[in-house]
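Residue strings, one per chain:
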Amino acid sequence: MTAVMKALLKRSSEPRLEAPAPDPATLENAFACAARAPDHALLRPWRYLIIEGDEALNALGELFAATCGDGASEKEREKRCKKALRAPMVIVGIASYQSHPKVPEIEQSMSAAVGMGYLLLALESAGFGGMWRTGAMAHDPAIKRGLGLQDNEIITGFLYTGSVSANKPSIPRPEPKEFVRRWPH
């Protein structure tokens, strides 16, 4: 079994993250890994925002809270605000669509998503934990505007990363025979 396979089989989303976050050299290497995602026509349909430090994370939390709506309670706003503080660093993955006659947006989304997956795996292999989240906030137009996305861009997820403070219990995974078939059979 290769080192990559071993790393993949150990991979787990880690919700308990603390400082330190990945350092600049680790981030640069991890983003270089993300750039190796399959990319039909070499469009490079991705970009990333790094959000770290108290001021930036609190601003992200306020942006999250602003999406609650007028009828939301203070408790709901506070809960949403705290989501930005789950880790010392949040990396926002963005699919940046480009017009191309042979590469539809869905292919560009998949390329950007694979890049996020590679980024997560690279950070985990460097000793950091991570949790990739999407949910309603990833699709909220106010979040998109607040983060400065253009009309041709979508959020592929929020990657919370930092040092694992406490490992969570192992989650049972299905055996390949449960979801793999040969065709035709």
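Okay, so let's go over this structure. Please read all numbers here as calculations on a predicted model, not as lab measurements. (Residues numbered from 1 in each chain as written. Predicted model: local features only at pLDDT ≥ 70, side-chain atom pairs only at ≥ 80, totals over all residues. Heavy atoms only, no water.)

1. Here's the deal with the state of the cysteines
Let me state the cut-off plainly: Count a disulfide wherever a pair of cysteine sulfur atoms falls within 2.5 Å. Each residue's exposure class comes from its accessible area (1.4 Å probe, protein chains only) as a fraction of the maximum for that residue type: buried when under 20%, exposed when over 50%, partly exposed otherwise.
For the structure on display, the rule yields zero disulfides. With no disulfide partner, Cys68 has as its closest neighbouring cysteine sulfur the one in Cys81, 9.2 Å distant. The exposure class assigned to Cys68 is partly exposed, which follows from its relative accessible area of 22%.

2. As for the packing of helix H2 (residues 24–34) against helix H5 (residues 105–125)
How two helices pack is summed up by the angle between their axes together with the distance between the axes. Heads up, the condition is: Geometry is summarised by axes, namely lines fitted to C-alpha atoms with helices restricted to the contacting stretch, and by angles between N-to-C directions that run from 0 to 180 degrees. Secondary structure elements are taken from DSSP: a helix is a run of H or I of four residues or more, a strand is a run of E of two residues or more, and numbering for both begins at the N terminus. Each helix crossing is assigned a hand: it is left-handed if the near helix lies turned anticlockwise from the far helix by less than a right angle, otherwise right-handed if that turn is clockwise. Note on contacts: a residue pair is in contact if any heavy atoms of the two residues lie within 4.5 Å. Any residue that is not Ala, Val, Leu, Ile, Met, Phe, Trp, Tyr, Cys, Pro, Asp, Glu, Lys or Arg is counted as polar, Gly included; the first ten are nonpolar and the last four charged.
Two numbers describe how H2 lies on H5: the axes approach to 8 Å, and their chain directions differ by 145 degrees. The interaxial crossing formed by H2 with H5 has right-handed handedness. Mapping the contact onto sequence places Thr26, Leu27, Ala30, Phe31, Cys33 and Ala34 in H2 and Gly115, Tyr118, Leu119, Ala122 and Leu123 in H5. In the contact of H2 with H5, the residues fall into nine nonpolar, two polar and no charged.

3. Considering the packing of helix H3 (residues 54–65) against helix H4 (residues 74–82)
For clarity, the cut-off: Here roughly perpendicular refers to angles of 65 to 115 degrees, roughly parallel to angles under 35, roughly antiparallel to angles over 145, and oblique to all remaining angles.
For the pair H3 and H4, the least separation of the axes is 7 Å and the interaxial angle reads 140 degrees. Comparing their axes, H4 and H3 come out oblique. In the crossing of H3 with H4, the sense of the turn from one axis to the other is right-handed. Of H4, the residues touching H3 (which contributes Gly61, Glu62, Phe64 and Ala65) are Arg77, Arg80 and Cys81. Class assignment for the residues of the contact of H3 with H4 results in three nonpolar, one polar and three charged.

4. What to know about the packing of aromatic side chains
As a reminder of what qualifies: Ring geometry is summarised as follows: Phe, Tyr and Trp rings, the Trp one being its six-membered ring, pair when their centres sit within 6.5 Å, and such pairs are stacked at plane angles under 30 degrees, edge-to-face over 60 and tilted between the two.
The tally for this structure, following the rule as stated, stands at two aromatic pairs. Judged by centre distance (5.2 Å) and plane angle (45 degrees), the rings of Phe31 and Tyr48 are tilted. With Phe31 in helix H2 and Tyr48 in strand E2 (residues 46–52), the pair connects residues that are 17 residues apart, well separated along the chain. Consider the rings of Phe64 and Phe158, whose centres lie 5.3 Å apart with planes at 80 degrees: the pair is edge-to-face. With Phe64 in helix H3 and Phe158 in strand E5 (residues 153–164), this residue pair connects regions lying 94 residues apart in the sequence. The exposure class of Phe158 is buried, given its relative accessible area of 2%.

5. Some words on the layout of surface pockets
Here is the rule: Definitions used throughout: a 1 Å grid over protein atoms alone; a cavity as a set of points that fits a 1.4 Å probe which cannot get out; a pocket as an open set with protein on both sides within 12 Å along at least five of seven lines; a lining residue as one with an atom within 4 Å of a point. Grid points are joined across faces, edges and corners, and a volume is the space filled by probe spheres set on the points.
Space inside the largest pocket adds up to approximately 610 Å³. Taken together, 25 residues line the largest pocket, and the ones lying closest to its centre are Ala7, Lys10, Arg11, Ser12 and Glu124. Counting residues per element, the ones that place at least two in the lining of the largest pocket are helix H1 (3–10) and H5. Looking at the lining of the largest pocket, its residues break down into 13 nonpolar, six polar and six charged.

6. With respect to the pattern of salt bridges
Rules: Every case where a carboxyl oxygen of Asp or Glu lies within 4 Å of a side-chain nitrogen of Lys or Arg is listed as a salt bridge.
By the definition in use, this model includes four salt bridges. For Arg44, the salt bridge identified is with Asp39, shortest N-O distance 3.4 Å. For Arg44, a relative accessible area of 45% corresponds to the partly exposed category. Residue classification places Asp39 among the buried positions, given a relative accessible area of 15%. Here Glu78 makes a salt bridge to Lys82, at a shortest N to O gap of 3.3 Å. Taken together, the residues Glu78 and Lys82, both in helix H4 and four residues apart, mark about one turn of the helix.

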